[in-house]
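Chain residues, written in single-letter form:
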Amino acid sequence: PSLIGVSVPVMNIGELKSWGWEIDLRWRDKINSSLDYRIGFNVSDNQNELVKYDGRNSIGNGGVIPLLEGYPLNSVWGYKTGGFFQTNEEYQESKKTVSTPFFPNNAGAGDIKYLDVNGDGVISAGEATPESSGDLVYLGTTNARYTYGLDLGLNWKAFDFSIFFQGAAKRKFLINEGTLSPMLGTADMPWTIHMDRWSPENPDAFFPRMYQTSAHNYRATDRWAQNGNYLRLKNVQLGYTVPFKTKAIQRLRVYFSGQDLWETTKVMKVFDPEVGNDVSATTYPFFRSYSFGLNLTF
């Protein structure tokens, strides 16, 4: 009971199975006394399954499920969707065959069209288990299936150059419901990305129509599950060793370094593809960095 003032102790009651492989290839060569280079490439595949965890099998109303027997850690579950209702008549007609209990009374054109996967006429999570999940489906895991990297280096006379790319593939993650629908609270305001919202003049918008204090359009779904694949230029550096020596200084090098300068991804813009499981408006914003430096060897 909470009145005791202590929490339940942590127990080792689970069994996790993990497996995968890794490849790391590197090549170094020297063309002449003034020029040498290096190339490195690595890729790995990591998978896991929570074989046993005290019968934990609840998926709730979808989302990121950290622990679920028979599935990878941080599994993503959500509804399947089929675009928007384009007219109020279309929505009223759909209500004759499919009920969506979490829709408000003023739902209609511009709202998300949830699909009745199991054909029972009700959009729901069933018994909220993988065996009886209603219309919820497994969408993937926030753990990247494949991670890879490529680094290149070159030294020519007094100049040195290096560049490093990093990426991940086959990863899903969800953006926090309150971030997708920023008008849920009176203190929240829309972002510029919400300008692309549904209206009769913009039927193919990315976001549904705006509501205040209702998040029925932002349940965990395949629409909001982000494709977390990305390739990013993590670091590039260019240096020059100044031909300067004294009794006190053996080597003087100046350099420029850039961090996270470029990427390609399908993640919704303004969000970082390297984020954690549940992205919210309070997530520290992504930024690129440029720096200059000086190395002294005494």
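Structure's up top.
In this text, all values refer to a predicted model and were calculated from it rather than measured experimentally. (Residues numbered from 1 in each chain as written. Predicted model: local features only at pLDDT ≥ 70, side-chain atom pairs only at ≥ 80, totals over all residues. Heavy atoms only, no water.)

Colleague: Provide a residue-level description of empty space enclosed by the protein, including the pertinent values.
Modeller: On inspection of all chains with the given rule, the structure shows one cavity of 30 Å³ or more. In this structure, the largest cavity occupies an estimated 40 Å³ of space. S181, R209, M210, Y211, S214, H216, N217 and Y218 together form the lining of the largest cavity. Looking at the lining of the largest cavity, its residues break down into three nonpolar, four polar and one charged. (1 Å grid on protein atoms, 1.4 Å probe; cavity = no way out; pocket = protein on both sides within 12 Å on 5 of 7 lines; lining within 4 Å. Points joined across faces, edges and corners; volume = space filled by probe spheres on them. Nonpolar A, V, L, I, M, F, W, Y, C, P; charged D, E, K, R; others polar.)

Colleague: Account for the sheet that holds strand β3 (residues 63–65), with residues named and values stated.
Modeller: Strand order in the open sheet formed by three strands is β3-β4-β7, and the pairing between neighbours is antiparallel. Strand pairing shows two members of the sheet lacking a second neighbour, β3 and β7 (136–141), which therefore form its edges. Each neighbouring strand pair of the sheet contributes to a mean axis angle of 35 degrees, computed without reference to strand direction. Bridge count between strand β4 (residues 75–79) and β7: five bridges; the pairing is antiparallel. By the bridge assignment for β7, Y79 is matched with L136. (Pairing = 2+ DSSP bridges. Helix = DSSP H or I, 4+ residues; strand = E, 2+ residues; numbered from the N terminus. Axes fitted to C-alpha atoms, helices over the stretch in contact; angles between N-to-C directions.)

Colleague: Go over the sheet that holds strand β8 (residues 146–156) with me, naming the residues and quoting the values.
Modeller: Across the sheet, which stays open at both edges, the seven strands sit in the order β1-β2-β8-β9-β12-β13-β15 with antiparallel pairing between neighbours. Looking at the sheet topology across the chains shown, the edges are occupied by β1 (14–32) and β15 (289–297). Each neighbouring strand pair of the sheet contributes to a mean axis angle of 15 degrees, computed without reference to strand direction. Sheet analysis places strand β12 (residues 230–242) next to strand β13 (residues 251–265), joined by 12 bridges and oriented antiparallel. The residue bridging L238 from the neighbouring strand is F256, located in β13.

Colleague: Explain the layout of surface pockets residue by residue, including any values.
Modeller: Of the voids in this model, the largest pocket is the one considered here, and its volume is about 290 Å³. Mapped onto the lining of the largest pocket, the elements with two or more residues apiece are β2 (35–53) and β7. Here the lining of the largest pocket gets four residues from one element, more than from any other, and that element is β2. For the lining of the largest pocket, the per-class residue count stands at five nonpolar, nine polar and five charged.

Colleague: Could you give me a rundown of the side chain of S214, with the residues and numbers involved?
Modeller: Mapped onto the secondary structure, S214 falls in the loop between α2 (177–180) and β11 (225–227). The class of S214 is buried, set by a relative accessible area of 16%. Side-chain polar atoms of S214 contact the side chain of H216, separated by 2.6 Å. Contact partners of S214, with chain neighbours within four places excluded, come to P104, S181 and L184. (Buried < 20%, exposed > 50% of the residue type's maximum accessible area, 1.4 Å probe, protein only. Polar contact = N/O pair within 3.5 Å; in protein donor to acceptor, adjacent residues only side chain to side chain. Contact = heavy atoms within 4.5 Å.)

Worth remembering: the numbers are spatial, not functional.
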